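The primary structure of each chain is shown beneath.
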Amino acid sequence: MDFSQLASIRKDSLSQAMEQFVFYPLAFGRWKQGPGIPDARRSLTSHYKLTIVVQGTVRFTCQAHTRVIHGGDAVLMAPFTPYEIQLDPEDALDLFYLYFEVVPATSLPAFHQLFPCADAALYPGVVDPALQMMLERELDLYQKGAPGQFLSLQLLLTRLLLTLGRYSDDPPAHQRTTRPTHCERVVRECVEYLDEHLRENVQVQDLCLAAHVSQSYLYKCFERMTGLSTREFIRQYRMPQIK
């Protein structure tokens, strides 16, 4: 076969954007509940959480916003997001959930730009039968402790997030030209300052002066954008840079 006649496969913008992230699965499970059981729960995510609803209806409240989630929808939540769910007592519920981390920490602003989940992001109608079958198969392998399950879950997470990245009306999420939030600009200025003072013992107060914000606001921005405290971000960012 003359392979020179084959069309070359080039990286698209979404694939290039996804290359900067590494996804670490932490927990994977399924929650099923029959009809006739009214339920309301409050919770707080400590990691990124992706919920895929296969069947049922849920009233989901986060940051004073209430949304109705149906079978076929997915919800992506950032760490430390308080939320409340109310189940329809006349409807059975079936959903999958995945907890995960995103590394390196320096890629988190880009992750939030691609997946705007400052509190929670809803992706309606992204779950199809093929995706449900894949989730069922992977959960079965995970529960059996099959060899290679960690890598398999990493690939599953990548596939699911690619599906979310493709979801949008106009324009695609990875091509939006949205104006950066103030927290995003603050974190970006701090990263630039760290790069310029890599060999110095940079303290939190130095970043406050560089970004012209208070220490409490800086902490809020780093927690929102990276899931880390300011000190922890400085430590994690400098370690691989100075080796």
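For the structure, check the block above.
Given the structure is predicted, the values throughout are model-derived calculations rather than measurements.

1. Comments concerning the sheet that holds strand 1 (residues 22-33)
Hydrogen bonds between backbone atoms are what pair the strands of a sheet, whose relative direction is either parallel or antiparallel. Spatially, the five strands line up as an open sheet ordered 1-8-3-6-9, and their pairing is antiparallel. Two strands close off the open sheet at either side, each with one partner strand: strand 1 and strand 9 (120-123). Taken over all neighbouring pairs, the strand axes of this sheet differ in orientation by 15° on average, direction set aside.

2. Structural notes on the environment of cysteine 221
Among the secondary structure elements, cysteine 221 is positioned in helix 7 (residues 215-226). Placed 35 residues apart in sequence, cysteine 221 and valine 186 show a C-alpha to C-alpha distance of 7.3 Å. Not counting the four nearest positions on each side in its chain, cysteine 221 is found in contact with Cys183, Val186 and Val187.

3. Focus on the pattern of salt bridges
Under the defined criterion, the tally for this structure stands at five salt bridges. As a salt-bridge pair, lysine 11 and glutamate 19 come within 2.8 Å of each other at their nearest N and O atoms. Of the charged contacts, one joins arginine 235 and glutamate 232 as a salt bridge, the two residues approaching to 2.6 Å between their closest N and O atoms. Of the two residues, arginine 235 and glutamate 232 are both situated in helix 8 (residues 230-241); the distance of three residues between them amounts to about one turn of the helix. Looking at arginine 235, the relative accessible area reads 42%, which means it is partly exposed. One salt-bridge network, held together by shared partners, links Arg30, Asp94 and Glu136.

4. So, helix 3 (residues 129-144)
With 16 residues, helix 3 extends 23 Å from end C-alpha to end C-alpha; this agrees with the ideal 22 Å at 1.5 Å per step. For helix 3, the complete set of buried residues consists of Leu131, Met134, Leu135, Glu138 and Leu139. Burial along helix 3 is one-sided: seen end-on, the buried residues are contained in an arc of 130°. Among the exposed residues of helix 3, those oriented more than 90 degrees off its buried face are Pro129, Met133, Gln143 and Lys144. Buried residues along helix 3 sit against strand 1, strand 3 (48-55), strand 8 (93-103) and helix 4 (149-166). Looking one or two residues past helix 3, glycine 145 carries a phi angle of roughly 70°, positive in sign.

5. Describing the packing of aromatic side chains
The way to describe two aromatic rings as a pair is by their centre distance and the angle between their planes. What the rule picks out here adds up to 14 aromatic pairs. Here the aromatic rings of phenylalanine 222 and phenylalanine 233 are separated by 4.9 Å at their centres, their planes lie at 50°, and the arrangement is tilted. Residue phenylalanine 222 is found in helix 7, and its partner phenylalanine 233 is found in helix 8; the two are separated by 11 residues along the sequence. Assessed through its relative accessible area of 0%, phenylalanine 222 is described here as buried. In this structure phenylalanine 233 comes out as buried when scored by relative accessible area, which is 1%. Three or more aromatic residues link up through ring pairs in this structure, and these residues are Phe21, Phe23, Tyr48, Phe100, Phe111 and Phe115.

Rules behind the numbers
- By convention here, each chain's residues receive numbers from 1 onward along its written sequence.
- Reporting in this predicted model follows two pLDDT cut-offs: at least 70 for local features of residues, and 80 or more for side-chain atom pairs to be given and counted; totals over whole chains, interfaces and linings ignore these cut-offs and use all residues.
- Side-chain descriptors were evaluated using all non-hydrogen atoms of the structure, hydrogens and water having been removed beforehand.
- Think of it this way: DSSP has to see at least two bridges between two strands before they count as a pair.
- Under the scheme used here, helices are H or I runs from DSSP no shorter than 4 residues and strands are E runs no shorter than 2 residues, and both carry numbers assigned from the N terminus.
- The convention used is that axes are lines fitted to C-alpha atoms, helices contributing only their stretch in contact, and that angles between N-to-C directions extend from 0 to 180 degrees.
- Contact between two residues is taken to exist if any of their heavy atoms lie within 4.5 Å; hydrogens are not considered.
- What counts as a salt bridge is simple: a side-chain nitrogen of Lys or Arg found within 4 Å of a carboxyl oxygen of Asp or Glu.
- Three labels apply to residues, based on accessible area from a 1.4 Å probe with only protein chains included: buried if under 20% of the type maximum, exposed if over 50%, partly exposed otherwise in between.
- To estimate how far a helix should reach, multiply one less than its number of residues by 1.5 Å.
- As used here, the arc belongs to the directions running from the helix axis to the C-beta atoms.
- The rule is short: rings of Phe, Tyr and Trp, with Trp giving its six-membered ring, pair when the centres are within 6.5 Å, and they are stacked under 30 degrees, edge-to-face over 60, tilted in between.

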